[in-house]
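# Descriptive structure summary
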Amino acid sequence: MKAFTIITSAFVPLPAENIDTDQIIPARFLKATTRDGFGKNLFRDWRYYNNDEAQPKVDFVLNQPQFHGQILVAGKNFGCGSSREHAAWSIADYGFRAVVSSFYADIFKNNALNNGVLPVQVSDDFLQEIFALDNTATLTIDLKNQSITIDNTGSSEKFDINEYKRTCLLNGYDDIDYLLSIKKDIEEYEHTFLQK
């Protein structure tokens, strides 16, 4: 995974609430066995008429060129519904490094963290501040200091994250990489333990 420290980016606003994993990545696209190529099917049924890429829905935000960036800002209760790691895969493959919302389904939140996507949970009021911005605004997410800032106004909030997952994201580790990073400590512990 790519290390996540600080990103400053434009954002894509998707203010709908209760966006479930089937809307994020429809079930018919779950047959693949690798993580590649899921981004093209992110919000597939919202992006195209009749599942046809030649017929984009021009009013959907991902089809509007003025909205772009590494941050997706979504309404409350993002990632609800069935447990589907493919939802995190599609978000990451599309190019989003972070999702901002005021509430996440727990399974989606964990899947996102395991796949290098940072779920930033903010207050409802702060979320509405972001949605009120125009398409020239940028956000800065600082994982080390666990803060998100609206660059245009300086308004900022702190967010919580599991310390282990924070360490993994900061270093670009998956679970195996993390274990390898503390291999020396494990070996020293084993040596000490076996001497007793």
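Our structure is the block above this text.
Read on for a plain summary of the structure. Given the structure is predicted, the values throughout are model-derived calculations rather than measurements. (Residues numbered from 1 in each chain as written. Predicted model: local features only at pLDDT ≥ 70, side-chain atom pairs only at ≥ 80, totals over all residues. Heavy atoms only, no water.)

Further remarks concern the nonpolar core. Ranked by internal contacts, the top residues of the largest apolar core, which has 26 residues, are Ile 24, Phe 43, Leu 62, Leu 72, Phe 78, Ile 91 and Phe 108. Every element with two or more residues in this core is listed here: β2 (11-14), β3 (71-74), α3 (85-94) and α4 (106-114). It is α3 that provides the largest number of residues to this core, a total of 3 residues. In terms of nonpolar packing, the next biggest core, distinct from the first, is built from 24 residues, Phe 4, Phe 131, Ile 150 and Ile 161 among them. (Core = buried A, V, L, I, M, F, W, Y, C linked by side-chain atoms within 4.5 Å. Buried < 20%, exposed > 50% of the residue type's maximum accessible area, 1.4 Å probe, protein only. Helix = DSSP H or I, 4+ residues; strand = E, 2+ residues; numbered from the N terminus.)

Two elements, strand β4 (residues 98-101) and strand β5 (residues 118-121), share 4 bridges in a ladder whose sense is parallel. Residue pairing across strands places Ser 101 opposite Gln 121, the latter belonging to β5. You can see the chain leave β4, run along α4 and come back into β5, and the turn it takes is right-handed. (Pairing = 2+ DSSP bridges. Right-handed = clockwise from strand over helix to strand, strands pointing away.)

Interaxial distance between α3 and α4 falls to 8 Å at its minimum, and their mutual angle equals 50 degrees. The orientation of α3 with respect to α4, classified from their angle, is oblique. Every pair of crossing elements has a handedness; the one defined by α3 and α4 is right-handed. Residue-level inspection shows Glu 85, Ala 87, Ala 88 and Ile 91 of α3 in contact with α4, the latter providing Phe 108, Asn 111 and Ala 112. A breakdown of the residues in the contact of α3 with α4 according to their chemical character gives 5 nonpolar, 1 polar and 1 charged. (Axes fitted to C-alpha atoms, helices over the stretch in contact; angles between N-to-C directions. Parallel < 35°, antiparallel > 145°, perpendicular 65-115°, else oblique. Left-handed = near helix turned anticlockwise from the far one by under 90°. Contact = heavy atoms within 4.5 Å. Nonpolar A, V, L, I, M, F, W, Y, C, P; charged D, E, K, R; others polar.)

The 4 strands are arranged β1-β6-β7-β8 in an open sheet whose pairing can be described as antiparallel. A strand with exactly one partner marks an edge of an open sheet, and here the two such strands are β1 (6-9) and β8 (156-158). Going from strand to strand, the sheet's axes swing by 10 degrees on average, the running direction of each strand aside. With 4 bridges connecting them, strand β6 (residues 139-142) and strand β7 (residues 147-150) associate as antiparallel partners.

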